[in-house]
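Spelled out from the first residue to the last, the chains are:
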Amino acid sequence: GNSVTQMEGPVTLSEEAFLTINCTYTATGYPSLFWYVQYPGEGLQLLLKATKADDKGSNKGFEATYRKETTSFHLEKGSVQVSDSAVYFCALSDQIKAAGNKLTFGGGTRVLVKP
Amino acid sequence: ETGVTQTPRHLVMGMTNKKSLKCEQHLGHNAMYWYKQSAKKPLELMFVYNFKEQTENNSVPSRFSPECPNSSHLFLHLHTLQPEDSALYLCASSQGVRQPQHFGDGTRLSIL
């Protein structure tokens, strides 16, 4: 079956530091890949996505590139802010029926940015 | 405003109570999902509905009973829950193949 593995946290950084969260996956076919972010007390928000190999998703200074050869989708941000403190989830999609899709999530990585 | 609204945001109930969680999506999507998020455990998919039909039930105990009267509304009926059912319950919706899911802010459930 499909699976997503991401680095365990917590990751603690100082403001303006460089952030990388590793994500690797196993899947049949050609899944779409996503990063979600969950701020305290809230649900998951889509951060960025990529639908095919070599696509780069980007949003709010975050980037991730769909690497089929290494089955990876690492999340990066060049200069983090305190407001980036959250839990980040890597996920892939898999078609289950003609409509809708099933997401397989990684375990989440908690990021804490200190002033 | 996420487009997916869940009520109530917090719920405390005894093990013998019956309550329901509600989810409404305003995005015109045709698939809806229930997830359970517990501390120190991965996000668990519970149920999937496509066009009001249940297409997935991930071995969820029968004390959780979903209902999807139309493509915009999803309920989770709860009865005789156990303390280990305390968690954040998230609803999501999506449209189409390989499209992202949009989540509500969840219901924080505590079982006494």
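Up top you'll find the structure we're talking about.
Our subject in this report is the structure included herewith. Worth saying up front: this structure is predicted, and the values here are computed from it rather than measured.

## Topic: the overall build of chain B
- On a plain count of helices and strands, chain B comes out with zero helices and 11 strands.
- Its C-alpha radius of gyration of 13 Å places chain B within 12% of the 13 Å reference for a compact globule of 112 residues.
- Buried positions account for 46% of the 112 residues belonging to chain B.
- Sequence-distant contacts, at least 24 apart, represent 52% of the contacts inside chain B between residues at least 6 apart.
- Carbon and sulfur atoms make up 50% of the accessible area of chain B, which amounts to about 5200 Å² in all.

## A few points about the pairing of strand β2 (residues 10-13) of chain B
All names here are of chain B.
- Alternating positions in β2 separate cleanly, Leu11 and Met13 being buried on one face and His10 and Val12 remaining unburied on the opposite face.
- Relative to strand β11 (residues 107-111), β2 is paired through four bridges, and the arrangement is parallel. Of the residues in β11, the one forming a bridge with methionine 13 is isoleucine 111.

## Things to note about the packing of aromatic side chains
- In the structure shown here, the tally under the stated rule is 11 aromatic pairs over all chains.
- Ring centres of Tyr36(A) and Phe103(B) lie 5.5 Å apart, and the angle between their planes is 80°; on these two criteria the pair is classed as edge-to-face. Taken together, the positions of Tyr36(A) in strand β5 (residues 33-38) and Phe103(B) in strand β10 (residues 102-103) put the pair across two chains.
- Its relative accessible area of 0% is what places Tyr36(A) among the buried residues.
- Judged by centre distance (5.4 Å) and plane angle (40°), the ring pair of Tyr35(B) and Phe103(B) falls under tilted. Of this pair, Tyr35(B) sits in strand β4 (residues 31-37) while Phe103(B) is found in strand β10, placing the two residues 68 residues apart along the sequence.
- Relative accessible area serves as the criterion here: at 1%, Tyr35(B) is assigned to the buried category.
- What makes Phe103(B) buried here is its relative accessible area of 2%.
- Among the aromatic side chains, those forming a connected cluster through ring pairs are Phe34(A), Tyr36(A), Phe89(A), Phe105(A), Tyr33(B), Tyr35(B) and Phe103(B).

## Re the side chain of Thr109(A)
Residue and element names in this part refer to chain A.
- Mapped onto the secondary structure, threonine 109 falls in strand β12 (residues 109-114).
- Classification of threonine 109 as buried rests on a relative accessible area of 0%.
- Here glutamine 6 takes part through its side chain, which lies 2.9 Å from a polar atom of the side chain of threonine 109.
- For threonine 109, the side chain forms a polar contact with the main-chain oxygen of methionine 7, separated by 2.5 Å.

## What about the environment of Asn50(B)?
- Here Asn50(B) shows up in strand β5 (residues 44-50).
- In the structure, Asn50(B) is positioned 38 residues away from Val12(B) in sequence and 30 Å away in space, judged by C-alpha atoms.

## Description of the pattern of salt bridges
All names here are of chain A.
- Applying the stated criterion to the full structure yields five salt bridges over all chains.
- Of the charged contacts, one joins lysine 77 and aspartate 84 as a salt bridge, the two residues approaching to 2.8 Å between their closest N and O atoms. In terms of burial, lysine 77 and aspartate 84 fall into one category: buried.

About the thresholds
Residues numbered from 1 in each chain as written. Chains lettered and ligands numbered in written order. Predicted model: local features only at pLDDT ≥ 70, side-chain atom pairs only at ≥ 80, totals over all residues. Heavy atoms only, no water. Helix = DSSP H or I, 4+ residues; strand = E, 2+ residues; numbered from the N terminus. Rg over C-alpha atoms; globule rule 2.2 N^0.38 Å. Buried < 20%, exposed > 50% of the residue type's maximum accessible area, 1.4 Å probe, protein only. Contact = heavy atoms within 4.5 Å. Areas by Shrake-Rupley, 256 points an atom, 1.4 Å probe, with all protein chains shown as cover. Pairing = 2+ DSSP bridges. Phe/Tyr/Trp six-rings, centres within 6.5 Å; stacked < 30°, edge-to-face > 60°. Polar contact = N/O pair within 3.5 Å; in protein donor to acceptor, adjacent residues only side chain to side chain. Salt bridge = Lys/Arg side-chain N within 4 Å of Asp/Glu carboxyl O.

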